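Architecture and fold: a report
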Amino acid sequence: DPDRIDKIRDAYTYQIKHGGWTFYQEREFMENLLQTRFNFLIAVYALFVNAFFTTTCRESKLIIVVLGLVIVTAMALTVYRIYTKVDILLKILHKLDENHVFSIVKNKLGEHKWLRKFPSVNPLIGWIIPLILIASLVGGLFII
């Protein structure tokens with residue numbers, strides 16, 4: 001939508017003019033937050049899986065899996081929410097202007113035929129891997 005793109009460009013111009021927080025700074029902050037939360041999700045998941053396989057008591061395994069499922073699901077939801085924000089910010093930055101960094105880099109990457117074949121890895125971090133982690137904990141309920 002051209003009107004929407006113009007509004008985004010106007011917002012970016014306003015951000016630059018008034019020395020405020022820009023789309024680029026927000027993207028940097030959100031990507032770091034996404035990476036940090038994803039790493040923490042993996043660490044917490046690993047703790048629950050380790051506890052699950054360490055204990056031999058069936059009741060303990062059940063408690064560990066249920067707690068793990070609740071906590072990992074809650075954390076996965078926060079990762080997904082941040083991933084969604086990062087995705088929106090990246091779409092905004094790609095549409096700002098052909099002279100901005102994102103557009104120039106995207107065009108240069110397009111020159112490499114083999115790089116165009118690779119999909120974005122953000123969905124892996126944002127929802128695919130967290131969903132696999134949740135599914136594996138659900139699977140743990142069935143092997144108890």
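Nothing here was measured: the structure is a model prediction, and the numbers come from that model.

Overview of the packing of aromatic side chains
Within this structure, the stated rule accounts for 5 aromatic pairs. A ring pair is formed by Tyr-12 and Phe-23, whose centres lie 6.4 Å apart and whose planes are at 15 degrees; its orientation type is stacked. A residue pair is termed long-range when its members are at least 10 positions apart, and Tyr-12 in helix 1 (residues 2–17) and Phe-23 in helix 2 (residues 23–54) qualify at 11 residues. Both residues of the pair, Tyr-12 and Phe-23, belong to the buried class. Ring centres 6.5 Å apart and planes at 75 degrees place the aromatic pair Trp-21 and Phe-29 in the edge-to-face group. Overall, the relative accessible area of 44% leaves Phe-29 in the partly exposed class. Through successive ring pairs, a cluster of aromatic residues spans Tyr-12, Phe-23 and Tyr-24. One Lys or Arg, Lys-61, reaches over the ring of Phe-52 and ends 4.3 Å from the middle of that ring.

Observations concerning the packing of helix 2 against helix 3 (residues 58–95)
Two elements in contact, helix 2 and helix 3, have axes whose closest approach is 9 Å; the angle formed by their N-to-C orientations is 165 degrees. Between helix 2 and helix 3, the crossing angle belongs to the class labelled roughly antiparallel. Two packed elements cross with a definite hand, and for helix 2 against helix 3 that hand is left-handed. Class assignment of the residues belonging to the contact of helix 2 with helix 3 gives a composition of 29 nonpolar, 2 polar and 6 charged.

Comments concerning the nonpolar core
If you look at the biggest cluster of nonpolar residues, it comprises 29 residues, and the most contacted ones within it are Phe-23, Tyr-24, Leu-34, Leu-41, Val-72, Val-86 and Leu-93. Elements that contribute at least two residues to this core include exactly helix 2, helix 3 and helix 6 (122–143). Examining the composition of this core, we find that 14 residues originate from one element, helix 3, more than from any other.

A look at helix 2
With 32 residues, helix 2 extends 46 Å from end C-alpha to end C-alpha; this agrees with the ideal 46 Å at 1.5 Å per step. Where helix 2 is concerned, the buried positions are Phe-23, Tyr-24, Arg-27, Met-30, Leu-34, Phe-38, Leu-41, Val-44, Tyr-45, Phe-48 and Phe-52. Buried residues along helix 2 sit in contact with helix 1, helix 3, helix 4 (101–110) and helix 6.

The rules we used
Residues numbered from 1 in each chain as written. Predicted model: local features only at pLDDT ≥ 70, side-chain atom pairs only at ≥ 80, totals over all residues. Heavy atoms only, no water. Phe/Tyr/Trp six-rings, centres within 6.5 Å; stacked < 30°, edge-to-face > 60°. Helix = DSSP H or I, 4+ residues; strand = E, 2+ residues; numbered from the N terminus. Buried < 20%, exposed > 50% of the residue type's maximum accessible area, 1.4 Å probe, protein only. Lys NZ or Arg CZ within 6 Å of the ring centre and 35° of its normal. Axes fitted to C-alpha atoms, helices over the stretch in contact; angles between N-to-C directions. Parallel < 35°, antiparallel > 145°, perpendicular 65-115°, else oblique. Left-handed = near helix turned anticlockwise from the far one by under 90°. Nonpolar A, V, L, I, M, F, W, Y, C, P; charged D, E, K, R; others polar. Core = buried A, V, L, I, M, F, W, Y, C linked by side-chain atoms within 4.5 Å. Expected span 1.5 Å × (residues − 1). Contact = heavy atoms within 4.5 Å.

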